[in-house]
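Take a look at the letters that make up each chain.
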Amino acid sequence: MLRAGGEAMLSGIALHKVSGKDTGLREALRAADLPIDDIEDDGCAFFEAVSGDGQTIGYAGLEGCAGGYLLRSVVVMPAHRGHGFGRAIVEATLRGVGGDVFLATTSAAPFFSTIGFSEVPRAQVPAAVLSTRQLSSICPSSATIMKLNRPPT
């Protein structure tokens, strides 16, 4: 459920839109070994997941491009891992998104497969998604490309 101001509520957690310049976002991505080179590019939106008591639970990003979306930079802060927040953050980030959603990962394919993503060959990914900086130059060619096979809940 989206609220005014770019916020979404999920089990007492709000998603707040943040800039690619946000220090907390940048630090969380660096700590998780996720790329930050392109997080200020046009078309990217990032969200901070915050608990009711003001704690940062994690972050996620979404990049729109012709032919679909690229789910970006999903990270749960270490103290909050193992409690289902990753799934909740992904589902909230994708709620209301129309079109195909893709992602690239080098280590989290098992997690994403539990929430409806499955591996797809690069040949099945729209050219506009492949041409994002994330897929064309930042992620290694060995990264697993996945596509959401069910609508976000």
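Shown above is the structure to which this text applies.
Let me begin by describing the structure that accompanies this report. Counting starts from 1 at the beginning of each chain's written sequence and moves along it residue by residue. Only residues with pLDDT of at least 70 get local features here, since the model is predicted, and only at 80 or more are side-chain atom pairs given and counted; chain-wide, interface and lining totals rely on the full set of residues. The side-chain values count all of the structure's non-hydrogen atoms but skip hydrogen atoms and water molecules.

Attention now moves to the overall build of the chain. Only DSSP runs of H or I reaching four residues or more are called helices, and only runs of E reaching two or more are called strands; each is numbered from the N terminus. Looking only at helices and strands, the chain has 5 helices and 9 strands in total. Traced from its N-terminal end to its C-terminal end, the chain shows the element sequence β-β-β-α-β-β-β-α-β-α-β-α-α-β. We take the radius of gyration over the C-alpha atoms and set the globule estimate at 2.2 Å times the residue count to the 0.38 power. The C-alpha atoms of the chain give a radius of gyration of 14 Å, which matches the 15 Å a tight globule of 153 residues would have. Long-range contacts, defined here as pairs at least 24 residues apart, represent 61% of the contacts in the chain between residues at least 6 apart. Whether two residues touch is decided by their heavy atoms; if any such pair falls within 4.5 Å, the residues are in contact.

In this section: the pattern of salt bridges. Salt bridge, as used here, is a side-chain nitrogen of Lys or Arg placed within 4 Å of a carboxyl oxygen of Asp or Glu. Applying the stated rule across the entire model yields 6 salt bridges. Taking the shortest distance from any N to any O, the salt bridge between glutamate 40 and arginine 26 comes out at 2.5 Å. In this pair, glutamate 40 is assigned in the loop between α1 (23-31) and β4 (44-51) and arginine 26 in helix α1, connecting sequence segments 14 residues apart. Throughout, exposure labels follow a simple rule: accessible area from a 1.4 Å probe, protein chains only, divided by the maximum for the residue type, with under 20% read as buried, over 50% as exposed, and the rest as partly exposed. Relative accessible area serves as the criterion here: at 43%, glutamate 40 is assigned to the partly exposed category. For arginine 26, a relative accessible area of 17% gives the class buried. For glutamate 91, the salt bridge identified is with arginine 87, shortest N-O distance 3.2 Å. With a gap of 4 residues between them, glutamate 91 and arginine 87 both fall in helix α2 (residues 85-94), about one helical turn apart. Its relative accessible area of 15% is what places glutamate 91 among the buried residues.

Counting residues in each nonpolar core, the largest one holds 12 residues, listed as Leu62, Leu71, Val90, Leu94, Val97, Val101, Leu103, Phe112, Ile115, Phe117, Met146 and Leu148. Contributing elements (two or more residues each) for this core: α2, β7 (101-105) and β9 (144-148). Other than its neighbours up to four places away in sequence, valine 90 contacts Leu71, Val74, Phe111, Phe112, Ile115 and Phe117. Nonpolar cores were defined as sets of buried Ala, Val, Leu, Ile, Met, Phe, Trp, Tyr and Cys residues, with membership established by side-chain atoms within 4.5 Å.

The subject of this paragraph is α1. Two residues of an α-helix separated by three or four positions point the same way, owing to the 3.6 residues in each turn. All of the buried residues in α1 are Leu25, Arg26, Ala28 and Leu29. One side of α1 holds all its buried residues, which, seen down the axis, span an arc of 165°. Residues of α1 that are exposed and point over 90 degrees away from its buried face: Thr23 and Ala31. Packing partners of the buried residues in α1 comprise β3 (13-18), β4, β5 (56-65) and β6 (68-76). Here α1 starts with a cap whose side-chain oxygen sits 3.1 Å from the backbone nitrogen of glycine 24, and that cap is aspartate 22. Aspartate 33 sits one or two positions beyond α1 and adopts a positive phi of about 60°. Taken from the helix axis, the directions to the C-beta atoms give the arc we talk about. Under the rule applied, a polar contact is a pair of N or O atoms within 3.5 Å (in protein, one hydrogen donor and one hydrogen acceptor; residues adjacent in sequence only if both atoms are side-chain atoms).

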